[in-house]
Structures are given as structure tokens and as C-alpha cells.
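# Observations on the three-dimensional arrangement
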Amino acid sequence: QVQLVESGGGLVQPGGSLRLSCAASGFTFSSSGMSWYRQVPGKEREWVAGITSAGGSTSYTEAVKGRFTISRDNNKNTVYLQMNSLKPEDTAVYYCSVLWMSRVSWGQGTQVIVSS
């Protein structure tokens, strides 16, 4: 069974930084592209960033380009999201995601609140 466990969220001031982690198990992590999504209650889940299986290519939604960096450590089966210059608009629950066996899986999410 795919398991994704996010951590690292919390309350941070605007302009601050957080690093989210996603510990993965139950699938071949090193062969799988990974993504981060975020969701505000009552709104659509938004794709934030993606990374290829070997970490050679990354992509981002326009709203976070230049501020967020997705990375992975295949020896630790962990994907990261470094978030810098955080804005109140970044407040959301952040989810790690993988496509495996033709199904999308998400973790439980970790809350990020950006507020003065």
C-alpha cells in the first residue's frame, strides 16, 4: 500500500521559510515522479510542483516560481518542498502525491499558515 507522510508545516511570518518533507513507502520511489499539491478549504486542490524520478527535472506553478524548490533524496525515499519568501496566499494544507499503478495517492497533508 502506498503511504505518504508529510511533515514540516506550521505557522510562519510573511517572508519566512519552511521546508516540507514527505516520507514515502509502498512503491518504487526511485522510479516515480512526485508532486506537491495544496488546498484551501472549500477550494480546488492546486498542483504546486513536480519532480521526475531521478530529480533531473522540476516544474512549478507560476505562483511559486522562484520561491519554492522541490527536491528528492532517493536513498531516503523522501521528497522535499523548500518554501522561501512565504506569502499569506501560500496558506493551505500541502499534500505529497504520486501516480502509481494508474492511481493517484496523497498523504494526510501538513498545514502551512503564513500570517503576521
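Structure's up top.
Note that the structure is a prediction, hence the values are computed from the model and not measured. (Residues numbered from 1 in each chain as written. Predicted model: local features only at pLDDT ≥ 70, side-chain atom pairs only at ≥ 80, totals over all residues. Heavy atoms only, no water.)

## Notes on the sheet that holds strand 8 (residues 78-83)
Pairing in this open sheet of 4 strands is antiparallel, and the strands run 1-3-8-7 from one edge to the other. Edge positions in the open sheet fall to strand 1 (3-7) and strand 7 (68-73), since each of these has one partner strand only. Strand-to-strand, the axes of this sheet are offset by a mean angle of 15°, without reference to chain direction. Direction of pairing for strand 7 relative to strand 8: antiparallel, over a ladder of 6 bridges. (Pairing = 2+ DSSP bridges. Helix = DSSP H or I, 4+ residues; strand = E, 2+ residues; numbered from the N terminus. Axes fitted to C-alpha atoms, helices over the stretch in contact; angles between N-to-C directions.)

## Points about the pairing of strand 11 (residues 110-114)
In the case of a regular strand, side chains alternate between the two sheet surfaces. Of the two faces of strand 11, the one lined by Thr 110, Val 112 and Val 114 is fully buried and the one lined by Gln 111 and Ile 113 carries no buried residue. Where strand 9 (residues 92-100) and strand 11 come together, 3 bridges link them in antiparallel fashion. Bridge pairing links Ala 92 to Val 112 in strand 11. (Buried < 20%, exposed > 50% of the residue type's maximum accessible area, 1.4 Å probe, protein only.)

## Overview of the environment of Arg 45
Its place among the elements puts Arg 45 in the loop between strand 4 (34-39) and strand 5 (46-51). The spacing of Arg 45 and Ala 92 is 47 residues in sequence and 9.6 Å in space, taken between C-alpha atoms. Once residues within four sequence positions are removed from consideration, Arg 45 is found in contact with Tyr 37, Arg 38, Gln 39, Tyr 95 and Trp 106. Only 3.2 Å separates the side chain of Arg 45 from the side chain of Gln 39, close enough to count as a polar contact. (Contact = heavy atoms within 4.5 Å. Polar contact = N/O pair within 3.5 Å; in protein donor to acceptor, adjacent residues only side chain to side chain.)

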